[in-house]
Structure formats: C-alpha cells, structure tokens
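Residue-level listing of the chains:
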Amino acid sequence: MRASPEEGKIFVPGRINFLGEHLDYNGGTVLPFTLNLGLTGCWETIAEPVVEIWSEGHPRRCIIPLRETWLHPPLDPWYRPAWAMLCVLVARYPGKERGFRLRISSTLPAGAGLSSSAAIEVLMGCVFAAVQEVHPELADVAFAALEAEHHHLGVRCGIMDMWAIVHGKKGYLTAIDCNGPSHKLVPFSTGPFQPLIINSRQPRTLAHSAYNDRRAACERALKALQSLWSVPYLAAALPEMLIAIPSEEDKRRARHVISENRRVQKAIVCLENGNFQALGPLLRESHRSLAEDYQVTTPLLDRLAEWANSQEGCLGCRMTGAGFGGCLIALVHQDALPTFRKKFDAFASTFSPPPELLDARPGEINFLL
Ligand code: GLA
C-alpha cells in the first residue's frame, strides 16, 4: 500500500452483493462487486494526536483522540465505524499517534445496505496506514474492520463487506470463499442484461439485533448437525441433514443457507460459461428463500421484488445485503430499460419516500493522490 505522510486522497467503494446472502458467517461463498458509489477521503497531518473528521452533509466535525480512543465514542452514529476502526488500529500499532484531519464526501445512499459502514472502516484503515507509515496487507485492513464491527459496534457480521471492498476489481465479481477467507475474481458479464439497484429507502430498524439473532440460529443449527456428522460449517451441510435440527425455525434458517450456497455455485458456473439467462431463476429463488426461510425481507422489499420480477425484460430481482430494508438488485435487458425506468417511477411514486433506481456501475478502491 502507498504511504504518504503529508497528504493524500483515496476513493473507497461501497459494495453490492449479486448473490449469496447470509453465507459469509456460515462458511459459504458470496458474490459481491464493488460500485462506483463510495467515499472519497482527503487528509492532511496535524500536530495534535487526534483524528479530526469532517463529513460532508454533517454539521459537526468529530474529534477522536489517538490515546484512550475507546473512551471517546462519537455521539453522531455516522462517525461510529470510524471510531471503532481507530480503536482497533491504536491497539495494533501502539505509539503510532500522528494526528490527521480527514474530509469525507460520499456518493453512497445512507443506510441503504451498500456497506457504508465497512467503507468508512476501510477508508480509516488506509488513511491511518498512510499517515503512520505502517504497511498492512489489504487483508489485514479487512480483518481489522471485522474486529471493529464485532468488538466495538456489536454487529457480529461476516467478512464479506470489507473483503469485497479491499479486493474488488472493476468488471469482476469477487467470489469469496468465506471458509478461509480466500477469493477469486469472476468476470461479471451479463450480456445484454444491465444490473440495477433498487433502493427501497426503507430505514433498517432493528437490523442489528435481528441480524445477530439469525447468526445465533445458524450456530444452533450447526451444533445440532455436528452432534451427528462432522460438518465443518453450515453452508457445507446437505439438505438431507436438516431433519436433525429440532427447532423448525432453525431448520428454515439452515435450509436457506444450504440452498443459497448451491445457487452461488451454480451462478459461478453460469457466469464462467456465459449462460447468463440461467442467472434469472437463481436470483428469484434467492429472494423467495430470504423471504420465506430466512425471513429477512420486509413487505416493501417483497413488493418491489414482485413488481420487478413481473416486468418485461427483467431476468431476475432479489433483495441484497442483510435485509430488513435496504436495496434490491435486478438484471434488466437493455432494450427494456427505458420502459422499465418509466414504469418504475410511476410505481415508486405510490410510496413515501419513493424508492429509487440506481445504475449498478462498477468501481474499485483507488489511491487518488
Ligand atoms: C451484512 C453483513 C455481511 C453479510 C450480509 C448478508 O451486509 O455485514 O457480513 O452477512 O449482511 O449477506
């Protein structure tokens, strides 16, 4: 990684997951890609041992000391991931206390489930490394971000978001084998079908506690299986094993994990063979499984998916990310796009706030200065 002790500029993308939801903490394979929407951070070093963050659109700056950082969580929740990451970094690099001023601007829609939290953490990790002249591997930045989420923000998320953000390349899906993690880049070519993002603009209330509950259900399901078979992680289990899970609810959660992992394996083969038509049913089936078995969709997400999936030229549409609000991803034939957009606007205007349609253009992490 490039180090610039004086000043610098970096772009850190958000990510969208094409397929493979709630698999990362179950050892499965996920298929995210990085977007051209993201955060741009500009920094300069300052004399005091503090990090001063200015974020566009936020009236107040946030000042975080580089000593006893954990005692100073910011009040504004937007700055929490940056603080959490700093808590991890100061513990990893004791004595590295050169202060800096960081200005952040964002093109990521807030709270939409496009990984703004992981993007802030990665941004902070890269800027901290540049200023302190330390040289972590990108994977270490991702692990530090994961630690920040678990230990300082109380979200027991998987590695997908941060791993995707540091390793994503324009034009590729990052196929992450989360039982590692390790990844390979799969060219993301969908022929005449364009990926689109539908932002429900539904606030993700209670998302953190419900997310942690789903993870706990998966852990219970795995334990039940492991009392009979040597299953290393839930995504590796076989559908025939589900019968061994005593709780009906845990069984449904596990059924989603097992079936979703199989869909991802199929999708990789389809993408590698240019058989993109076959991606449609996989996307639709993923949404159904997330709605019925994993139960992380909302009535609005279901309505949007149902609407999109019934439009001419839409190959498939599913919710993406953790769920409980946030975004959907759709593949729409380029010839059908103008009509799709027009009809979407009419449909969206019946909601308040109206959901929005965004182009899912690829981007990647980039040191601009
Ligand atoms: C959130 C988490 C990820 C992943 C997804 C669901 O984005 O941060 O780790 O579990 O939900 O696939």
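What counts and what doesn't
- Residues numbered from 1 in each chain as written.
- Predicted model: local features only at pLDDT ≥ 70, side-chain atom pairs only at ≥ 80, totals over all residues.
- Heavy atoms only, no water.
- Axes fitted to C-alpha atoms, helices over the stretch in contact; angles between N-to-C directions.
- Helix = DSSP H or I, 4+ residues; strand = E, 2+ residues; numbered from the N terminus.
- Parallel < 35°, antiparallel > 145°, perpendicular 65-115°, else oblique.
- Left-handed = near helix turned anticlockwise from the far one by under 90°.
- Contact = heavy atoms within 4.5 Å.
- Near = heavy atom within 4 Å.
- Polar contact = N/O pair within 3.5 Å; in protein donor to acceptor, adjacent residues only side chain to side chain.
- Areas by Shrake-Rupley, 256 points an atom, 1.4 Å probe, with all protein chains shown as cover.
- Nonpolar A, V, L, I, M, F, W, Y, C, P; charged D, E, K, R; others polar.
- Domains from an automatic or database assignment.
- Buried < 20%, exposed > 50% of the residue type's maximum accessible area, 1.4 Å probe, protein only.
- Buried area = accessible area lost by both parts, 1.4 Å probe.
- Salt bridge = Lys/Arg side-chain N within 4 Å of Asp/Glu carboxyl O.

Between two packed helices, the angle of one axis relative to the other and the distance separating the axes together describe the packing. Contact geometry of helix 8 (residues 299-309) with helix 9 (residues 337-348) gives a least axis separation of 11 Å together with a crossing angle of 150°. Considered as vectors, helix 8 and helix 9 are oriented roughly antiparallel to each other. As for how helix 8 packs across helix 9, the hand of that crossing is right-handed. Touching Arg 303, Leu 304, Trp 307 and Ala 308 of helix 8 are Phe 340, Lys 343, Phe 344 and Phe 347, all from helix 9.

What surrounds the ligand is the set Arg 15, Glu 21, His 22, Asp 24, Tyr 25, Cys 157, Gly 158, Met 160, Asp 161, Tyr 211, Gly 321 and Ala 322. Within the side chain of Glu 21, an N or O atom sits 2.7 Å from an oxygen atom of the ligand. In this structure, an oxygen atom belonging to the ligand sits 2.5 Å away from a side-chain N or O atom of Asp 24. About the coverage of the ligand: the protein hides 92% of its 310 Å² of free accessible area. When the residues that make up the shell around the ligand are grouped by side-chain class, the tally is 5 nonpolar, 3 polar and 4 charged. Viewed by domain, the shell around the ligand spans two of them, domain 1 (7-185) and domain 2 (189-359), each represented by three or more residues.

Below, the discussion takes up helix 4 (residues 160-167). Within helix 4, 8 of the 8 residues are buried, which leaves the element mostly enclosed by the surrounding structure. Within helix 4 the residues assigned to the buried category are Met 160, Asp 161, Met 162, Trp 163, Ala 164, Ile 165, Val 166 and His 167.

Attention now goes to the domain arrangement of the chain. By a widespread convention, an interface's size corresponds to the accessible area lost as its parts come together. Segmenting the chain into domains produces domain 1 (7-185) and domain 2 (189-359). Each of domain 1 and domain 2 has a C-alpha centre, and these two points are 25 Å apart. Contact with domain 1, which involves 34 residues of that partner, is made by 43 residues of domain 2. Both faces combined, the contact of domain 1 with domain 2 buries some 3000 Å², and carbon together with sulfur accounts for 63% of it. Here Glu 272 ties to Lys 184 by a salt bridge, and the two come within 3.1 Å at their closest N and O atoms. At the surface where domain 1 touches domain 2, the tally comes to 21 residue pairs in polar contact (both at pLDDT 80 or more). Listing elements by their share of the side of domain 1 that touches domain 2, those giving two or more residues are strand 1 (7-17), strand 3 (32-46) and strand 7 (172-177). Residue classes in the side of domain 1 that touches domain 2 are distributed as 16 nonpolar, 13 polar and 5 charged.

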